[in-house]
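Tertiary structure, described
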Amino acid sequence: MSWLGNSSLTIAAIIGGSIVLALLGAFFGLLYRGIDRKLAAHMQGRIGPPIIQPFRDVRKLLAKESIIPDGGVSWLFQACPFIGLVASILLLTYIPVFGPGALLEGYGDLILILYLLIIPSLALVVGGFASSSPFATVGAQREMVIMMSYEFPLVVAIIAIAWRISHVTDINPFIFSTVAQYPIWNQVGPVGVAGSLILLFTLLVVTPGEVAKVPFDIAEAETEIAGGLLVEYSGRNLALFYLADTIKAFAMVSLVVALFFPYNLSPVIGIGAAAPAFVVDALFFLLKVFLVMFISVTLIRTAMARFKISQASYIYIMAMTLIGLVGLILLHVDMIV
Amino acid sequence: MSLNAIKRALWIYHINTGSCNGCDIEILAALTPRYDLERFGMMLVGSPRHADVLLVTGPVARQMAPRLKRVYEQTPDPKVVLQVGSCGMEGGVFYESYNLVGPVDQHIPVDVYVPGCPPRPEAIIEAVAKAWVKLEKAEQVA
Ligand code: SF4
């Protein structure tokens, strides 16, 4: 299922593939950010920025001066944007994007993804603390709280799916190719479908927290703590965090797609040849990402106002975890009846 | 990298140096669906570190003078300063008040002035457009 075939996966192929993935990830991350801003503006009755606006923003930030605050830990302050960006790109190499399997398929599974998802947020937290601004410190503490909160429902949802799939096959259920081979919807009865829908809902609510969007953007709240974590970042460093943020959003939504909608279009409409099938699958994948992004990011952020940190943490730890567990129980009930 | 990139992606930081809030409300009005500043790629940001445009409203109160200078220094280059409202130019309704330390341009260099008490949102948007032109000119000289 891999792009390159595991046996021939050489160092050069890994490096080349990662660079291509990084460029594609940055391009589509920024593109989806632009679409998101445009749609949000339309929903508010505004015209909104052009879709290429995020590209302009990044280009502008690269042309600006990068200030390092006097009281900050200079090397840590400058290293964190790079760590965040690299970790976000790393996510893309393990998550299947554009139809075929992931670049490093077989080298890491869902458990690894769970850990990798933490690193960009952690880079933000460390960068915030290293900038020595009280606003950034408050933001960093809030980010840590929210990180610990959404981890629980996220894990519940992923484990529940893997656990259900482990009952239909002996292959490791945490590998994406297994998830793609046994899509959750095809394995379960009506009760299980209800359970899967609940788990999907859980993941859709975790996504805005994971990518720090309203109503869960308490750590970057511009109106109360002046940009929070990023308050001291400017110029190139801010551009790197901006890119890392868009790539992570793209990766996170791809993860939801890979878990719940691992279907490809080419077998359905009967395209056999490799090249056209790849194009069709890639376009279909982009459509799926757009739909998930639209529901879990654009729609939610336009419809809601920002939560307080205590509310956000309560929603994740109590409400979403319980909802996720109900989904897990329904999946179990489905096997008994 | 040239300044060309900045023209269509101006991020604005708003600092209030003792304004009566009239101008601040007009700036918010510029963000509403009727005027929609964002369609020109402009955005209100929460930190001077992210800003390209420093938007100053109000006369300079004595306590605000050192803060105004500090925020100006915190804004990364290249930057432009917009001064919105009559009271920051010559005092306006606060003329000769005991707690003012003079117009904004005695403390930081101002690029574009927007008179009015308060000015209309159209005037503020036009001022930002003039700031583009100014950055372009600076680019041609450089
Ligand atoms: S110019 Fe007029 S409306 Fe604006 S801050 Fe000054 S006094 Fe208020």
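Fair warning: this is a prediction, and the values are worked out from it, not measured in the lab.

A few words on the overall build of chain B. Along chain B, the regular secondary structure elements total four helices and five strands. Reading the helices (α) and strands (β) of chain B from amino to carboxyl end gives β-α-β-β-α-β-α-β-α. Whereas a compact globule of 142 residues would reach a radius of gyration of roughly 14 Å, chain B reaches 14 Å, a difference of no more than 12%. When its C-alpha atoms are laid out on the principal axes, chain B stretches across 45 × 35 × 25 Å. Among the 142 residues that make up chain B, the fraction classed as buried is 51%. Partitioning the intrachain contacts of chain B with sequence separation of at least 6 by distance along the chain shows that 83% fall at a separation of at least 24. Accessible surface computed for chain B: about 6700 Å², of which carbon and sulfur atoms make up 56%. In chain B, which carries 14 positive and 15 negative side-chain charges, the distance between the mean positions of the two groups comes to 3 Å.

Attention now goes to the overall build of chain A. Scanning chain A from terminus to terminus reveals 13 helices and zero strands. Of the regular secondary structure in chain A, the N- to C-terminal order runs α-α-α-α-α-α-α-α-α-α-α-α-α. In terms of overall dimensions, chain A is globule-like: its C-alpha atoms have a radius of gyration of 20 Å, near the 20 Å expected for 337 residues. Long-range contacts, defined here as pairs at least 24 residues apart, represent 79% of the contacts in chain A between residues at least 6 apart. As presented, chain A carries roughly 13500 Å² of accessible surface, and 73% of it is formed by carbon and sulfur atoms. Chain A carries 17 positive and 18 negative side-chain charges, and their two centres are separated by 10 Å.

This part takes up helix α3 (residues 74–94) of chain A. Residues and elements named next belong to chain A. Here α3 is 21 residues long and its end C-alpha atoms lie 32 Å apart, about the 30 Å a rise of 1.5 Å per residue gives. Within α3, the axis deviates most sharply at Cys80, by approximately 25°, and proline Pro81 lies no more than four positions further along. Of all the positions in α3, only Phe77, Cys80, Pro81, Gly84, Leu85, Ala87, Ser88, Ile89, Leu91, Leu92, Thr93 and Tyr94 are classed as buried. Among the structural elements, α1 (11–43), α4 (110–130), α6 (176–181) and α10 (235–260) are those in contact with the buried residues of α3.

Time to look at the packing of aromatic side chains. Enumeration according to the criterion identifies 10 aromatic pairs over all chains in this entry. With a centroid separation of 6.2 Å and 85° between ring planes, the pair formed by Tyr150 of chain A and Tyr316 of chain A is classed as edge-to-face. In this pair, Tyr150 of chain A is assigned in helix α5 (residues 134–165) and Tyr316 of chain A in helix α13 (residues 309–336), connecting sequence segments 166 residues apart. Cluster of aromatic residues (ring-pair linked, three or more members): Phe27, Phe28, Tyr32, Phe55, Phe250 and Phe285 of chain A. Sitting over the ring of Tyr72 of chain B, Lys79 of chain B keeps its end group 4.1 Å from the ring centre.

Let's shift gears to unusual backbone geometry. The omega torsion of the bond from Cys117 of chain B to Pro118 of chain B falls at -5°, within 30 degrees of zero and hence cis. Its place among the elements puts Pro118 of chain B in the loop between β5 (112–114) and α4 (121–141). Located in the positive-phi region is Ser132 of chain A, a residue other than glycine, with phi close to 65°. With respect to the helices and strands, Ser132 of chain A occurs in the loop between α4 and α5. Owing to a relative accessible area of 40%, Ser132 of chain A belongs among the partly exposed residues under this scheme.

Here we take up the site of the ligand. In the region of the ligand, the neighbouring residues are Ser19, Cys20, Gly22, Cys23, Gly85, Ser86, Cys87, Val93, Phe94, Gly116, Cys117 and Pro118 of chain B. Along the lines of polarity and charge, the residues of the shell around the ligand split into seven nonpolar, five polar and no charged.

Attention shifts here to the interface of chain A and chain B. In this assembly, 29 residues from chain A lie in contact with 29 residues from chain B. Of the roughly 2400 Å² buried where chain A meets chain B, counting both sides, 54% is carbon and sulfur surface. Of all residues in chain A, the largest losses of buried area upon contact with chain B belong to Arg46, Lys60 and Lys64 of chain A, amounting jointly to 25% of the total for that side. At the junction of chain A with chain B, the criterion picks out six salt bridges. A salt bridge links Glu232 of chain A to Arg49 of chain B; the shortest N-O distance between them is 2.7 Å. Our count for the contact surface shared by chain A and chain B stands at 16 residue pairs in polar contact (both at pLDDT 80 or more).

What counts, and at which threshold
- Residues numbered from 1 in each chain as written.
- Chains lettered and ligands numbered in written order.
- Predicted model: local features only at pLDDT ≥ 70, side-chain atom pairs only at ≥ 80, totals over all residues.
- Heavy atoms only, no water.
- Helix = DSSP H or I, 4+ residues; strand = E, 2+ residues; numbered from the N terminus.
- Rg over C-alpha atoms; globule rule 2.2 N^0.38 Å.
- Buried < 20%, exposed > 50% of the residue type's maximum accessible area, 1.4 Å probe, protein only.
- Contact = heavy atoms within 4.5 Å.
- Areas by Shrake-Rupley, 256 points an atom, 1.4 Å probe, with all protein chains shown as cover.
- Lys, Arg positive; Asp, Glu negative; His and termini not counted.
- Charge placed at Lys NZ, Arg CZ, Asp CG, Glu CD.
- Expected span 1.5 Å × (residues − 1).
- Bend = angle between axes of the 7 residues up to and from the residue.
- Phe/Tyr/Trp six-rings, centres within 6.5 Å; stacked < 30°, edge-to-face > 60°.
- Lys NZ or Arg CZ within 6 Å of the ring centre and 35° of its normal.
- Near = heavy atom within 4 Å.
- Nonpolar A, V, L, I, M, F, W, Y, C, P; charged D, E, K, R; others polar.
- Buried area = accessible area lost by both parts, 1.4 Å probe.
- Salt bridge = Lys/Arg side-chain N within 4 Å of Asp/Glu carboxyl O.
- Polar contact = N/O pair within 3.5 Å; in protein donor to acceptor, adjacent residues only side chain to side chain.

That's the geometry; what it means functionally is another story.
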